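# A closer look at the structure
The chain contents come next:
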Amino acid sequence: MIPKILVFAGSIRTGAYSGKVADCAQKELAVQGADVTRISLADYPLPIMDEDLEEEKGIPDNALKLARLFAAYDALLICTPEYNGSIPPLLKNTIDWVSRVTRDANGAPLHPYPGKIVGICSSSSGHFAGIRSANHLRAVLSHIQMEVVAPQVSVPNGDTAFDEDGAFVDERLRKAMRRLCATLIEYAALLSKRTDR
Ligand SMILES: Cc1cc2nc3c(=O)[nH]c(=O)nc-3n(C[C@H](O)[C@H](O)[C@H](O)COP(=O)(O)O)c2cc1C
């Protein structure tokens, strides 16, 4: 079984470090034999979560599209930046809107998060590699009943972390990415066989 893995970054900034980490993850997952798809949250703009808006207009189409996409994959890999020690609003807002989806447009149950395998990468321009954001993201994803794998890649000093080919300069980060991707693939394959999802 070839696991289908969806990769995205929590930043849509031009030249985003989290986007570069997502590039590394995409390449490594493909090398290890996964069926990888990369998306950009720029293609799924969403208003700021507001329950009045939800009441008036319903769940935005882009949240439903993302929910369907998440449900269609065996695993997700999310690459988060760090804003003020936590998850950036683009990523948290996306997670929050998608968490409101319980049914598809045709009324069929749609639960994109529970039991879904997910891996986390973090990055930042500073020395701490977005580790606080990764910790918060891990807690949020666990709260929505995703199965977060233990290996994690946290990339410090984004401006010097990548070589001209976009690969990690630091061999320890290359090794960490190999381990994260191997774990994600292994768990995604295992979980796809479970019938209680
Ligand atoms: C509002 C804001 C808050 C930030 N807070 C942190 C922080 O708490 N820790 C950190 O290491 N970097 C912080 N940064 C710097 C980011 O690591 C840096 O801008 C990074 O490039 C953003 O991620 P991206 O490259 O994936 O877009 C912050 C940046 C912004 C814009």
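Read on for a plain summary of the structure. (Residues numbered from 1 in each chain as written. Predicted model: local features only at pLDDT ≥ 70, side-chain atom pairs only at ≥ 80, totals over all residues. Heavy atoms only, no water.)

## Description of the site of the ligand
In plain terms, the rule: We call a residue near a molecule or strand whenever a single non-hydrogen atom of that residue lies within 4 Å of it. In protein, a polar contact means a hydrogen-donor-capable atom and an acceptor-capable atom, both N or O and within 3.5 Å, with residues adjacent in sequence counting only if both atoms are side-chain atoms; elsewhere, any N or O pair within 3.5 Å suffices. Surface exposure here means Shrake-Rupley accessible area, sampled with a 1.4 Å probe, where a residue is shielded only by the protein chains that are shown. By the convention adopted, Pro, Cys, Tyr, Trp, Phe, Met, Ile, Leu, Val and Ala count as nonpolar, Lys, Arg, Asp and Glu as charged, and the other residues, Gly among them, as polar.
Surrounding the ligand, one finds 13 residues, the nearest of these being Ser11, Ser18, Glu82, Asn84 and Gly85. A distance of 3.1 Å separates an oxygen atom of the ligand from a polar side-chain atom of Ser124. Protein chains bury 72% of the 610 Å² of accessible surface belonging to the ligand in isolation. For the shell around the ligand, a count of residues per class yields four nonpolar, six polar and three charged.

## Regarding the pattern of salt bridges
Stated precisely, the cut-off is as follows: A side-chain nitrogen of Lys or Arg and a carboxyl oxygen of Asp or Glu constitute a salt bridge if their distance falls within 4 Å. Each helix is a run of DSSP H or I of at least 4 residues and each strand a run of E of at least 2, with the numbering of both proceeding from the N terminus.
One pass over the structure, following the stated rule, counts nine salt bridges. In this structure, the salt-bridge partner of Arg100 is Glu54, at a minimum N-O distance of 3.1 Å. Placement of the pair is Arg100 in the loop between helix 4 (89-99) and strand 4 (117-123) and Glu54 in helix 2 (residues 51-57), with a sequence separation of 46 residues. Residues joined by salt bridges that share partners form a network here, namely Glu51, Glu54 and Arg100.

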